[in-house]
2 protein chains.
Amino acid sequence: MTLLYMPKAELDRIRTLDGDRQERAAAFADACRLNVLYMVQRVGSGHLGTTFSSLDIVSWLHLEVLRGGDRYFSSKGHDAPGLYAVLTALGRLDFELIHQLRRLNGLPGHPDVAATPEVVTSTGSLGMGVSKARGFVLADRLAGRSSRVYVLTGDGELQEGQFWESLGPTAKRGLHEITVIVDRNQVQSDTWVDKVSDIGDLEAKGGAFGWAVASCDGHDLRSLASTLEGLEHEQRPKLVIARTRKGGGVSFMEPESHLPRTDTALYNYHVGALSPEEYERAVEEVCERLNDRLMRLGGDPVELVDAEPPEHISAAVEHRQRLVAAYGDELSKQAAREPRLVALDADLRKDCGLVEFRERFPDRFFECGIAEQDMVSQAGAMALAGFLPAVHSFACFLSTRPNEQIYNNATEGTKVVYAGSLAGLVPGGPGHSHQSVRDISALGAVPGMALIEPFSEFECRAAVDWAVNRSPGPVYIRLVSVAWALGFEPPAVEQLVPGRGTVLRRGRDLLFVAAGPVMVAGAWRATAVLAEYGVEAGVVSMPWLRGVDGSWVAEVADGAPIVTLDNHYVTGGLGDGVLAALAADAPDAAARLRKIGVDEVPKSGENNEVLRAHHLDGDSIAERVRDLADVPMQI
Amino acid sequence: MTLLYMPKAELDRIRTLDGDRQERAAAFADACRLNVLYMVQRVGSGHLGTTFSSLDIVSWLHLEVLRGGDRYFSSKGHDAPGLYAVLTALGRLDFELIHQLRRLNGLPGHPDVAATPEVVTSTGSLGMGVSKARGFVLADRLAGRSSRVYVLTGDGELQEGQFWESLGPTAKRGLHEITVIVDRNQVQSDTWVDKVSDIGDLEAKGGAFGWAVASCDGHDLRSLASTLEGLEHEQRPKLVIARTRKGGGVSFMEPESHLPRTDTALYNYHVGALSPEEYERAVEEVCERLNDRLMRLGGDPVELVDAEPPEHISAAVEHRQRLVAAYGDELSKQAAREPRLVALDADLRKDCGLVEFRERFPDRFFECGIAEQDMVSQAGAMALAGFLPAVHSFACFLSTRPNEQIYNNATEGTKVVYAGSLAGLVPGGPGHSHQSVRDISALGAVPGMALIEPFSEFECRAAVDWAVNRSPGPVYIRLVSVAWALGFEPPAVEQLVPGRGTVLRRGRDLLFVAAGPVMVAGAWRATAVLAEYGVEAGVVSMPWLRGVDGSWVAEVADGAPIVTLDNHYVTGGLGDGVLAALAADAPDAAARLRKIGVDEVPKSGENNEVLRAHHLDGDSIAERVRDLADVPMQI
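Asker: In this structure, what is going on with the packing of aromatic side chains? I would like to understand it.
Answerer: Summed over all chains, the structure comprises 29 aromatic pairs over all chains. With a centroid separation of 5.1 Å and 50 degrees between ring planes, the pair formed by F357 of chain B and F361 of chain B is classed as tilted. Residue classification places F361 of chain B among the buried positions, given a relative accessible area of 12%. Through a chain of ring-to-ring contacts, three or more aromatic side chains come together here, namely F163, W164 and F209 of chain A together with F163, W164 and F209 of chain B. Sitting above the plane of the F361 of chain A ring, R364 of chain A keeps its charged end 4.8 Å from the centroid.

As structure tokens, this is what we get:
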């Protein structure tokens, strides 16, 4: 597959063409579409659908609306490739960064104020946009500065309570400096917004909350421009509902082309790259339209550059552990036996492995939308009413957004199963809003809650079985979503034994204790490296993140130093759980423990480079323990 | 002061009088008001204002509306004394429990499904009501049961985003079984709702979210009854806005009697007992009205019973540490020097010590209402814009509701100070929704965040100074709100030294490491008990809950066993912070550590009895360490 991008000079040419402002901005947006296609295709991941629905708007704002001191940010955040395409085209970001989307020291999967100049605030955790805008404006007013803030939101994002929480106070303070533009593309992660959790009459709602509301066509810049102008002298904060099409500008990505209005249909282009054929079709369609626009503007057709092929990103070919799929399959199996089992989802049916459950048990599946607090409290009541709810989202969101609601449920003495996928450092592409490395700490002190992280499909199924059939209280199941190769064939696991794990390899000199496939694979690789230096290291998979059987671990270690590996901040993770257990059950072993884990905000990048950057790949792990194992030389 | 209550027989008499249903229910409500006054006055705490605004409604529902299978619960929860008065009057709870409000094994300060029969769900964490109602109804539908759910909410409570998050999905599913009654008493914790964070046109908002909305006078049962009847056949979920008066039914407690419509006025009767004179006036007023009602119903005047005086609850008379006051005073001092310092509050201006700040720096004080997520994201943007925001709420809410928002701010590399008051087991009256014993764990892995808990006013001021002037990153300051006697005069603290604490007493045999006044006082008392057995125990105040200097602690311990004391779940608290530090810096000392802390959901009760029940009073602590200190006999 040949990848093409538009060079800076071409972008400059388009941006400075004389002629109709709207036509020129639309051409600029299409030019950016080409570079978005390039960026996402090059790295193999990224959110095309939401980027394309909003790209005309983002282009117009940057070319024609924003002035010095004004701020623009996207609250939804996953349309970051579009922002990057615009900022690189404008020279506000180094143009060469277009080759580095979702790569280490490149452009993170979601906007990161600490990583990228020109980014206004870090987003990717949904629903925070209006609150942040208010903070900016109040700060500016206090500092005697005058400025405007433009915030782009998704429409699925509006299911988050914080959005509504933030509307009233913003209106009450009369913060007319704020314009919120809703990218009303009608499709969220899984499918049509109105099939997930209808947001209803948005105009009426915005008006009831005291905002000046207007609607426009978000792909028609004349419509957008006149709508923004019409609101200019409004003294209330402004809510612009921009009707768009997800994937807008590439016909086969638009929902009307392939997404039936059924309950089970799933949108195809929320995240991920295109097939080579689709990529070619998309480029062709955009180029054709762009050239038409340029012709109308009196410009020459575009010339694209053949990209250097990206450096090879190695992919293991051996059998990979697919935990989310195993989880979903096992949950359905359990549901067939256990009629009380119901599943709740927050617009991540595909990502949480629930497609089969939804199909087999439609009455027992509750799609809640991006409304985690609502979902969790609802599940709590279902548990009180005699059901066994299993609640799903990404670990980063599930452990934090409804944190108080999970505790409230736990204090009621009922049982709810929480399954958090996308746990840990990888995938590294999406960036730190999605790299869940704080969930164990955030939920670790919920009384009576078991926290389990399986490393293999076998252990995953056993975890579901234990959660459904044996656990007396609530359970948090932490799942790495990336299919991951272990480097060995995992043993079958019949049944989990509370507090104990599986001895995968015995070793005289050192014992690795790890949870989840990424860290177990890292430990396994480290043992191979250490073996070259005559060091025999053992590996234990420890699925219990809390309630570890310290005596058992100490017995397995048999006097050797113990090294815990955390796919989580080293504070509050598995290591602290093992340490606490050892201190209680086998104090001497506690004095021989070393914790290894994440110790800074996760970097965004390709999986292996992210692990390497955090010194959590197998080779780095071996290096980090060589003093314990009496390896004298540098590994 | 003589306390009076209405005995069960009198309540039965009133409840079964023939005559007008509304008049009878109003009489019953007034009878319950008398017992609420008794309950709150007896224990010295409780929420009278919100109980009285809703008590006519709660009485009507229980007498005339609810049928078998129906559920009623209050989402706001702090009106629990009213619910208890009604349920004891109806014989659904043991009548003798009216003598045990907020006492151990009695009636918790907020409804607790695990502690009290007839309670439907545990509330006290705001905004969860509609979500829970939906869970109940969906579960019932799935189980083939038919039932209705009546939910009472506050009006200040509607500032929480979860309320709005839950409205849409409930309407979309057509859950007509749900009736939400808003106790629109216009006053929240601090003051008028519209002065805190106006909720605007609630009718319009409810309608925009697809609910059937109606309004009524919540103290006029004819109005309430006809409104409920009018909605009976509605196929949408129902939102009844009941106009009430906070403290309704006792004239001097009603806001119009004493609360000017200014920005600084504070409502007097949100929480706490009355003065003896006020109590007498209140009883007199309610009795007079009640007797009028009874006369109209053809009944005799009421006869009240003189209560046995409550058992003496000891109160130390020595100097108590008032951390919240010291915090607030120091924050104002710092603000006078540091113009970037701004304060944000979530309707707890009094409770978070911000009255002075608000008065001295009105432009730099931002009242956010009960909207913690909105508050925290807003603060994050203010920090990005160059200010130093200090964010306030109760620890139980601040550490959990905006947990994801706090992390988002932290990843932006800015500095925000979070001050969580009401931390720990005491006051024990409000119950576990308010007893924050999980906040250290919930925030403990936020990267770069310092967590500090001062034990004395000196240390508290030093903590504020450190947070404002020296900390490079975000800081969480954990504050016990109860004025607490230490048992000794605390030393002056000039400046905090990161990771290190203050040696309050040296001891050869054992070292207590504790944070906060309650645990330091407990350690101090335990040393006295142990001294009687010849054991010399030392005490260190360790304000750093994370980032402890393990070498320093080990040096102070000098080979003796170390005992950490946690006013927090033993998992994830100070003890785990100390253990991690020792394991890293002084492994031998790690093997000599014992962690003592909370190990079950906090009990509600009087402060000392709660500490005793959790074995965290000084005497229990001494008992729990006697094996370490070679004390052979039972202490």
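Asker: Looking at this structure, how should I read the environment of V625 of chain B?
Answerer: All names here are of chain B. Its location among the elements puts V625 in the segment after α24 (618-624). V625 sits 495 residues away from V130 along the chain, and the two C-alpha atoms are 47 Å apart. Excluding anything up to four places from it in sequence, V625 contacts L510, F512, L530, V563, R594 and I596.

Asker: Would you mind going over the relation of the copies chain B and chain A with me for this structure?
Answerer: Related by rotation about an axis and a shift along that axis, the two copies of the chain form a pair. Each copy superposes on the other: chain B lies on chain A with an RMSD of 0.0 Å after a rotation of 180 degrees and an axial shift of 0.0 Å. Such values leave the two copies arranged in the relation of a two-fold axis. Mapped onto chain A, 100% of the interface residues of chain B again fall at the interface, so both copies present the same surface.

Asker: Would you mind showing me how to read helix α12 (residues 323-337) of chain A here?
Answerer: Residue pairs spaced three or four apart in an α-helix point in one direction, given the helix's 3.6 residues per turn. An ideal rise of 1.5 Å per residue puts 21 Å on 15 residues; α12 of chain A measures up with 21 Å between its terminal C-alpha atoms. L323, V324, A326, Y327, G328, E330, L331, S332, Q334 and A335 of chain A are the residues of α12 of chain A that are buried.

Asker: So what exactly am I meant to see when it comes to the packing of helix α1 (residues 8-15) of chain B against helix α2 (residues 21-43) of chain B here?
Answerer: Residues and elements named next belong to chain B. It is the contact of α1 with α2, at a shortest axis distance of 9 Å, that shows an interaxial angle of 165 degrees. With respect to α2, the axis of α1 lies roughly antiparallel. Between α1 and α2 the crossing geometry is left-handed. From α1, L11, I14 and R15 reach across to α2, where they touch R24, A27, F28, A31 and N35. Split into classes, the residues belonging to the contact of α1 with α2 amount to five nonpolar, one polar and two charged.

Asker: Whenever I open this one, the state of the cysteines confuses me. Can you help?
Answerer: The bond known as a disulfide is covalent and runs between the sulfur atoms of two cysteines. Scanning all chains against the criterion turns up zero disulfides over all chains. Here C460 of chain B stays free of any disulfide, with the sulfur of C352 of chain B as its closest cysteine sulfur at 12 Å.

Asker: Just checking my understanding: could you explain the interface of chain B and chain A for this structure?
Answerer: For an interface, size is often stated in terms of accessible area lost upon the parts coming together. Taken together, the contact between chain B and chain A spans 85 residues of the former and 86 residues of the latter. The junction of chain B with chain A conceals about 7300 Å² of combined surface from both sides, 57% of it contributed by carbon and sulfur atoms. When the buried surface of chain B facing chain A is broken down by residue, E165, E404 and R438 of chain B rank first, second and third, together holding 10% of it. Tallying contributions element by element places helix α5 (residues 129-142) of chain B first for the side of chain B that touches chain A, with nine residues.

Asker: Mind showing me how you'd approach the sheet that holds strand β18 (residues 537-541) of chain A here?
Answerer: Whenever strands of a sheet pair, they do so through backbone hydrogen bonds, lying parallel or antiparallel. All names here are of chain A. The strand order across the open sheet formed by five strands is β16-β18-β17-β19-β20, and the pairing between neighbours is mixed. A single partner strand is all that each edge strand has here, and the edge strands are β16 (502-505) and β20 (593-598). Neighbour-to-neighbour, the strand axes of this sheet turn through a mean angle of 25 degrees, independent of strand direction. In this structure, strand β17 (residues 510-514) lies alongside strand β19 (residues 562-569), joined through four bridges in parallel fashion. Opposite F512, over in β19, you have V563 as the bridge partner.

Asker: Please clarify how the side chain of R102 of chain B should be interpreted in this entry.
Answerer: All names here are of chain B. Tracing the chain through its elements places R102 in the loop between α4 (80-89) and α5. Here R102 occupies a buried position and makes no salt bridge, while the nearest side chain of opposite charge, D79, is found at 10 Å. Not counting residues within four places of it along the chain, the set of residues in contact with R102 comprises V43, S45, G46, H47, L107, G109, G429, P430, S604, G605, E606 and E609.

Asker: Where do I start with the pattern of salt bridges in this structure?
Answerer: Any two side chains of opposite charge can pair, given that their charged atoms come close. Taken as a whole and judged by the stated rule, the model has 102 salt bridges over all chains. When the shortest N-O distance is used, the salt bridge between E23 of chain A and R296 of chain A registers 3.0 Å. Taken together, the residues span a long stretch of sequence, with E23 of chain A in helix α2 (residues 21-43) and R296 of chain A in helix α11 (residues 276-296) at a distance of 273 residues. Since its relative accessible area comes to 56%, R296 of chain A is described here as exposed. The residue R293 of chain B makes a salt bridge to D30 of chain B at a minimum N-O spacing of 3.1 Å. Taken together, the positions of R293 of chain B in helix α11 (residues 276-296) and D30 of chain B in helix α2 put the pair 263 residues apart, joining distant regions of the chain. Owing to a relative accessible area of 17%, R293 of chain B belongs among the buried residues under this scheme. According to the relative accessible area criterion, D30 of chain B is buried, its value standing at 0%. Counted as one network, the salt bridges with shared partners bring together E23, D30, R33, D56, E285, R289, R293 and R296 of chain A.

Asker: I would appreciate a short explanation of the nonpolar core in the present structure.
Answerer: General note: in soluble globular proteins, nonpolar side chains tend to be found buried as a group. Membership of the largest hydrophobic core comes to 228 residues, with the highest contact counts inside it found for L582 of chain A together with L582 of chain B. Not counting residues up to four positions away in its chain, the partners in contact with L582 of chain A are G550, V553, A554, I562, P587, A589, A590 and L593 of chain A.

Asker: Help me understand the environment of A586 of chain B in this model?
Answerer: Residue position: A586 of chain B is located in the loop between α21 (574-585) and α22 (587-590). In this structure A586 of chain B comes out as buried when scored by relative accessible area, which is 14%.

Asker: Before we go on, may I ask you to explain α2 of chain A in this structure?
Answerer: Residues and elements named next belong to chain A. The terminal C-alpha atoms of α2 lie 33 Å apart, and with 23 residues this matches the ideal 33 Å at 1.5 Å per residue to within 8%. Most of α2 sits inside the fold, with 22 of its 23 residues counted as buried. One side-chain oxygen at the N-terminal end of α2 lies 3.2 Å from the backbone nitrogen of Q22; it belongs to D20. Phi turns positive one or two residues past the end of α2, at G44, with a value near 85 degrees.

Asker: Help me understand the sheet that holds strand β4 (residues 178-184) of chain A, please; the structure alone is not making it clear to me.
Answerer: Residue and element names in this part refer to chain A. A sheet is described by the order of its strands in space; here five strands give the open sequence β2-β3-β4-β6-β5, paired in parallel fashion. Pairing within the sheet leaves two strands with one partner each, and these edge strands are β2 (71-74) and β5 (212-217). On average, each strand axis in the sheet is tilted by 20 degrees relative to the strand beside it, whichever way the strands run. Across six bridges, β5 lies against strand β6 (residues 238-243) in parallel orientation. Its bridge partner lying in β6, A212 is registered against K238. With respect to the sheet, helix α9 (residues 221-230) is in contact with β4, β5 and β6, its orientation differing from that of β5 by roughly 165 degrees.

Asker: When you look at unusual backbone geometry in this model, what are you seeing that I'm missing?
Answerer: Most peptide bonds adopt trans geometry, and most residues besides glycine take a negative phi value. Residues and elements named next belong to chain A. For the bond running from V426 to P427, omega is 5 degrees, close enough to zero to count as cis. Among the secondary structure elements, P427 is positioned in the loop between β12 (417-421) and α17 (439-443). Backbone geometry places D558, a non-glycine residue, at a positive phi of 50 degrees. Here D558 lies in the loop between α20 (550-557) and β19.

The rules behind each value
- Residues numbered from 1 in each chain as written.
- Chains lettered and ligands numbered in written order.
- Predicted model: local features only at pLDDT ≥ 70, side-chain atom pairs only at ≥ 80, totals over all residues.
- Heavy atoms only, no water.
- Phe/Tyr/Trp six-rings, centres within 6.5 Å; stacked < 30°, edge-to-face > 60°.
- Buried < 20%, exposed > 50% of the residue type's maximum accessible area, 1.4 Å probe, protein only.
- Lys NZ or Arg CZ within 6 Å of the ring centre and 35° of its normal.
- Helix = DSSP H or I, 4+ residues; strand = E, 2+ residues; numbered from the N terminus.
- Contact = heavy atoms within 4.5 Å.
- Least-squares fit on C-alpha atoms with pLDDT ≥ 70 in both.
- Expected span 1.5 Å × (residues − 1).
- Axes fitted to C-alpha atoms, helices over the stretch in contact; angles between N-to-C directions.
- Parallel < 35°, antiparallel > 145°, perpendicular 65-115°, else oblique.
- Left-handed = near helix turned anticlockwise from the far one by under 90°.
- Nonpolar A, V, L, I, M, F, W, Y, C, P; charged D, E, K, R; others polar.
- Disulfide = S-S within 2.5 Å.
- Buried area = accessible area lost by both parts, 1.4 Å probe.
- Pairing = 2+ DSSP bridges.
- Lys, Arg positive; Asp, Glu negative; His and termini not counted.
- Salt bridge = Lys/Arg side-chain N within 4 Å of Asp/Glu carboxyl O.
- Core = buried A, V, L, I, M, F, W, Y, C linked by side-chain atoms within 4.5 Å.
- Polar contact = N/O pair within 3.5 Å; in protein donor to acceptor, adjacent residues only side chain to side chain.

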